[in-house]
Amino acid sequence: MTNKAVIQVENMVKKFGNFTANDNLNFEVYEGEIFGFLGANGAGKTTALRILCGLSLPTRGKISVAGYDVYRHREKIKKNIGYMSQKFSLYEDLKVYENIRYYAGIYGLSRGYIKERTDQLLDKLGLEHVRNKLIQDLPLGWKQKLAFSVAVFHNPSIVFLDEPTGGVDPITRRQFWNLIYDASEDGITVFVTTHYMDEAEYCDRVSIMDLGKIEAIGSPDELKNNYQASNMDEVFLKIARKEKV
Amino acid sequence: MTAVEIRNISKSYEEIKALDDISFDVNQGEIFGLIGPDGSGKTSLFRILTTLLLPNTGTATIMGYDVVSDFKKIRQIIGYMPGRFSLYQDLTVEENMSFYATVFGTTINENYDLVKDIYQHIEPFRTRRAGKLSGGMKQKLALSCALIHKPEVLMLDEPTTGVDAVSRKEFWDMLLGLKEKGITIMVSTPYMDEAGKCDRVGLIQEGRMMSIDTPGMIRESFEFELYAVRSDDMYRLIKDLESSSLVRSVFLFGHYVHVTLQAGDKADKGLLNFLENRDHRNITIKKIPPEIEDCFMELMTKEN
């Protein structure tokens, strides 16, 4: 982890009509950091995530991702980030190797490079034997590990993970975090949302959103100290306990 | 008395075995938790018990009624909240409630007492369409609708999945309230930390029940000394622990790593020496009682 900010957010506001989904957000994410982006349902996480990925424009604010401005260089941002979510990650009716080839191809990687990296990747994940299987025939845990590896295949500077471990068995969930740690060691910045509070502890820093605002930001140890809590679950409950509609 | 009796239930979808010879009882008035990840067979079992799916083999009864031959009777005495939100999105909160009450030949007023504590949270928004509610509110409406005909047994399939930690806690408080009123509750969840709220739990993985007991007894049956370990460099700590011949299992657990050791090894000497030799700073090693998640992973490892 370095002190170089790869995501810079100043006074970010996003409104939908009268509703303010993101209410003046300010934060930075540093190179190589694992940054946990937490909040209750409806707190505004997905809205912010979509802006940072170049999928939606903010109402106002100064925001740069991987060195590119979110108003002017959204296509550049998309080239330099990776993304995976719980809901959609890979094409169910394509084979394992076809999914890898497809995503790598979108990012303009060469055939030879894709072939070589695919072998390495499947070997590392222990999935060589399912290379020719359809995604729909794989267990959820394998899919998610594969989806993560595909999301970082083009060596993005930042990878965005939206609830990547929802519903995954506890052993696979931990193997997934080992992949995240490996990526972080390789210098990839990881921006992750989760409802598992034990996973918040695995992050270098976390922010906690409530009603469109960032209510707290810091390392898990700092937050636990500030809120006099023994774990992140307690911190979360203290910040986001208000009833949502 | 037994509220739900399940005997040797198996279910396959073509070559995939979703449920493999499942047998257990749910006692009347208890909260029984079915704990397991996606794809472990939880929903198939719920669909069989709620008479929506036929098993290949085996039998099950609810309050003495057979899930195949007495399906009409069962539908009257159970309340079911499926995993996917399945209320009418374009009806309002109140219209959904009235609809479900009418289907069961009752009214909101008749059973208001039972749903009051839950319905009160959403009643201020009774003219809002269900599709416009937040996740936590939808969940409360779905629970209210499942309760409106005063069921004897409540079947809740992953009611807290994708719900934030605050709403999850509130939801469990509501279930404890319903238990007080004498309703038998069978609930499934992928969140291991929710096991502690149940009277008894079944740990399910790949269609098989790995263990059925009280949360306390499941923890007690963990056969190994468990240690929570941390140092300043957690990434390197995991790699080092995984490479050590002293170590039997290594799992990340919040801001600690949970470790069991090979037979005969002692954490205070061997493990501490090993980590000091690898230049770890600020090492903590402490013996801890296992959590349900530790037990689940141990059982998973054993099955494989």
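These figures come from a predicted structure and were not determined experimentally.

(A) Geometry of the sheet that holds strand E11 (residues 226–230) of chain B. Residues and elements named next belong to chain B. Strand order in the open sheet made by the four strands is E12-E13-E11-E14, with antiparallel pairing throughout. At either end of the open sheet lies a strand with only one pairing partner, and these are strand E12 (247–253) and strand E14 (284–288). On average, each strand axis in the sheet is inclined to that of its neighbour by 30 degrees, with strand direction left out of account. Pairing of E11 with strand E13 (residues 256–261), which is carried by three bridges, proceeds in the antiparallel orientation. Its bridge partner lying in E13, Val 229 is registered against Val 257.

(B) Layout of the sheet that holds strand E7 (residues 153–156) of chain B. All names here are of chain B. The strand order E6-E7-E8-E3-E9-E10 describes an open sheet built from six strands, whose pairing is mixed. For this open sheet the edge positions go to strand E6 (78–81) and strand E10 (208–213), each flanked by a neighbour on one side alone. Taking the axes of each pair of neighbouring strands and ignoring which way they run, one obtains an average angle of 15 degrees across the sheet. Relative to strand E8 (residues 184–189), E7 is paired through four bridges, and the arrangement is parallel. Among the inter-strand pairings, Leu 154 is bridged to a residue of E8, identified as Ile 185. Strands strand E3 (31–35), E7 and E8 of the sheet are contacted by helix H6 (residues 165–180), whose axis makes an angle of about 155 degrees with E8.

(C) Structural context of the packing of helix H3 (residues 93–103) of chain B against helix H5 (residues 135–147) of chain B. Residues and elements named next belong to chain B. Remark: H3 packs on H5, axes separated minimally by 8 Å, with the N-to-C direction vectors making an angle of 20 degrees. Relative to H5, the element H3 lies roughly parallel. In this structure, H3 meets H5 at a crossing whose hand is right-handed. Taken together, the residues of H5 that come into contact with H3 (itself represented by Val 93, Asn 96, Met 97 and Tyr 100) are Leu 141, Ser 144 and Cys 145. Taken together, the residues that form the contact of H3 with H5 break down as five nonpolar, two polar and no charged.

(D) Structural detail: the interface of chain A and chain B. If you look at the interface, chain A gives 29 residues, while chain B gives 29 residues. Residue contributions to the side of chain A that touches chain B peak at six residues, all from helix H6 (residues 170–185) of chain A. In terms of residue class, the side of chain A that touches chain B is made up of 15 nonpolar, six polar and eight charged.

(E) Summary view of the packing of helix H9 (residues 232–239) of chain A against H6 of chain B. Across the interface, H9 of chain A lies against H6 of chain B with an axial gap of 9 Å and an inter-helix angle of 90 degrees. Here H9 of chain A is positioned roughly perpendicular relative to H6 of chain B, judged by the angle of their axes. Facing H9 of chain A, whose interface residues are Asp 233, Phe 236 and Leu 237 of chain A, H6 of chain B presents Ala 165, Val 166 and Lys 169 of chain B. Taken together, the residues of the contact of H9 of chain A with H6 of chain B break down into four nonpolar, no polar and two charged.

(F) Highlighting helix H9 (residues 267–277) of chain B. Residue and element names in this part refer to chain B. Ala 267, Leu 271 and Leu 275 are the residues of H9 that are buried. One side of H9 holds all its buried residues, which, seen down the axis, span an arc of 35 degrees. Opposite the buried face of H9, at more than 90 degrees from it, the exposed residues are Lys 269, Asn 273, Glu 276 and Asn 277. Each element contacted by the buried residues of H9 is listed here: E11, helix H8 (234–243), E13 and E14. Backbone geometry just after H9 places Asp 279 at a positive phi near 65 degrees.

The rules we used
- Residues numbered from 1 in each chain as written.
- Chains lettered and ligands numbered in written order.
- Predicted model: local features only at pLDDT ≥ 70, side-chain atom pairs only at ≥ 80, totals over all residues.
- Pairing = 2+ DSSP bridges.
- Helix = DSSP H or I, 4+ residues; strand = E, 2+ residues; numbered from the N terminus.
- Axes fitted to C-alpha atoms, helices over the stretch in contact; angles between N-to-C directions.
- Contact = placed C-beta atoms within 7 Å.
- Parallel < 35°, antiparallel > 145°, perpendicular 65-115°, else oblique.
- Left-handed = near helix turned anticlockwise from the far one by under 90°.
- Nonpolar A, V, L, I, M, F, W, Y, C, P; charged D, E, K, R; others polar.
- Buried ≥ 20, exposed ≤ 12 C-beta atoms within 10 Å, placed from the backbone.
- Arc of directions from axis to C-beta.

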